[in-house]
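Remarks on the overall topology
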Amino acid sequence: MELEITPQPFYIGGVNVGQSVVVAWFVTALLIILAIMVKIRSRNFTEVPKGLQNLLEFGVETIQKYSKTEVGHVWEDIAPYCATVGLYIFGCCMIEIFGVRAPTTDLAMTLAMGLGTFFWINYMGIKQKGVGGRLMHLVKPVPVIPLLTDVAIPISMACRLYGNLLAGMIVMDLIYGAMKYFAVAIPAALSLYFNFFDSAIQAYIFVTLTLSYVSEAIE
């Protein structure tokens, strides 16, 4: 049995954009459509929440409270990003249920998300402490080391997310390959874990790390 860990090619006009990019576009489009539908539905929301409104308010309040706990008074600036990247990671992982390889098993995709967090870390640091304060943070207590630590953040976040999700994909491929025609109950149960629970865990960890690094940047 042969396992392929590199992303599959996908050509548009003779240019290889990569299958993971196309699938990521699809997930993004689904999330945008979902957001529009929720926006339209919100016009009928009542003062006393029920049904979908209750679920949505619970989700929003949860990410807001968690952000406020981690970063304090700047939570309003970072909470929307955390909610967005969390849903995006979860959606990219869940798409594997439909037989498509998750974009998050492509290191280039996870690095892009790591760079997004890197941007917010420095943006929040500059916003709260100014350019001079942020630069001072990068040279204390020992010059160069804090800078190298900050530069390593998006790389470490990208590798951690990529490694965990790729490992889950490999495990599932090995199980399906080993069980072959008998791959019914056990693979289905494990697929539920890797595609749902593990996806939620990875999204939660990514959001937690983002808030943790932002908290350090604004101290």
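To be clear, the structure that these remarks concern was listed above.
Just so we're clear, the structure is a prediction, and the values are computed from it rather than from any experiment. (Residues numbered from 1 in each chain as written. Predicted model: local features only at pLDDT ≥ 70, side-chain atom pairs only at ≥ 80, totals over all residues. Heavy atoms only, no water.)

Check the secondary structure of the protein and you find six helices and two strands. Reading the protein from its N terminus to its C terminus gives the helix and strand order β-β-α-α-α-α-α-α. In the protein, which comprises 219 residues, the proportion classed as buried is 33%. For the protein, the exposed surface amounts to about 13100 Å²; the carbon and sulfur share of it is 71%. (Helix = DSSP H or I, 4+ residues; strand = E, 2+ residues; numbered from the N terminus. Buried < 20%, exposed > 50% of the residue type's maximum accessible area, 1.4 Å probe, protein only. Areas by Shrake-Rupley, 256 points an atom, 1.4 Å probe, with all protein chains shown as cover.)

Here the structure, examined in full by the defined rule, presents two salt bridges. Across the pair D77 and K127 runs a salt bridge, and its minimum N-O distance is 3.1 Å. Separated by 50 residues along the polypeptide, D77 in helix α3 (residues 75-94) and K127 in helix α4 (residues 107-137) bring together distant segments of the chain. Note on D77: relative accessible area 27%, which makes it partly exposed. Residue classification places K127 among the partly exposed residues on the basis of a relative accessible area of 42%. Taking the shortest distance from any N to any O, the salt bridge between R134 and D150 comes out at 2.5 Å. (Salt bridge = Lys/Arg side-chain N within 4 Å of Asp/Glu carboxyl O.)

All right, on to the packing of helix α2 (residues 52-71) against α3 then. Running from N to C, α2 and α3 point in directions that differ by 125°, and their axes come no closer than 9 Å. Taken together, the axis directions place α2 and α3 in an arrangement best described as oblique. For the pair α2 and α3, the crossing hand works out as right-handed. Here I63, Q64, S67, K68 and V71 of α2 come into contact with α3, specifically with W75, I78, A79, C82 and A83. Taken together, the residues that form the contact of α2 with α3 break down as seven nonpolar, two polar and one charged. (Axes fitted to C-alpha atoms, helices over the stretch in contact; angles between N-to-C directions. Parallel < 35°, antiparallel > 145°, perpendicular 65-115°, else oblique. Left-handed = near helix turned anticlockwise from the far one by under 90°. Contact = heavy atoms within 4.5 Å. Nonpolar A, V, L, I, M, F, W, Y, C, P; charged D, E, K, R; others polar.)

The biggest cluster of nonpolar side chains holds 33 residues, and the ones touching the most others in it are V71, I89 and F206. For this core, the secondary-structure elements that each account for two or more residues are α1 (19-41), α2, α3, α4, α5 (145-179) and α6 (185-218). Broken down by element, the residue count for this core peaks at ten residues, all from α3. (Core = buried A, V, L, I, M, F, W, Y, C linked by side-chain atoms within 4.5 Å.)

Turning to a nonpolar patch on the surface, a few remarks are in order. On the surface, L111, L115, L147, V151 and I155 cluster together into a nonpolar patch covering about 400 Å² of accessible area. Those elements that place two or more of their residues in the nonpolar patch are α4 and α5. Here the nonpolar patch takes three residues from α5, the largest share from any one element. Considering the arrangement of structural elements, one finds L147 in helix α5. Judged by relative accessible area, L147 falls into the partly exposed class, the value being 41%. (Patch = residues over 30% accessible without salt bridge, like charges linked within 9 Å, V, L, I, M, F, W, Y side chains within 5 Å.)

Before going further, it helps to spend a moment on the packing of aromatic side chains. Considering all chains together, one arrives at seven aromatic pairs under this definition. Between F196 and F197 the ring centres are 5.1 Å apart and the planes differ by 90°, which places this aromatic pair in the edge-to-face class. One aromatic cluster in this structure is built from Y81, F119, W120 and Y123. (Phe/Tyr/Trp six-rings, centres within 6.5 Å; stacked < 30°, edge-to-face > 60°.)

Contact geometry for α3 and α4: axes closest at 12 Å, N-to-C directions at 175°. If you check the angle between α3 and α4, you find them roughly antiparallel. Between α3 and α4, the contacting residues are D77, I78, Y81, V85, Y88 and I89 on the first element and M109, M113, G116, T117, W120, M124 and K127 on the second. Of the residues assigned to the contact of α3 with α4, the class counts are nine nonpolar, two polar and two charged.

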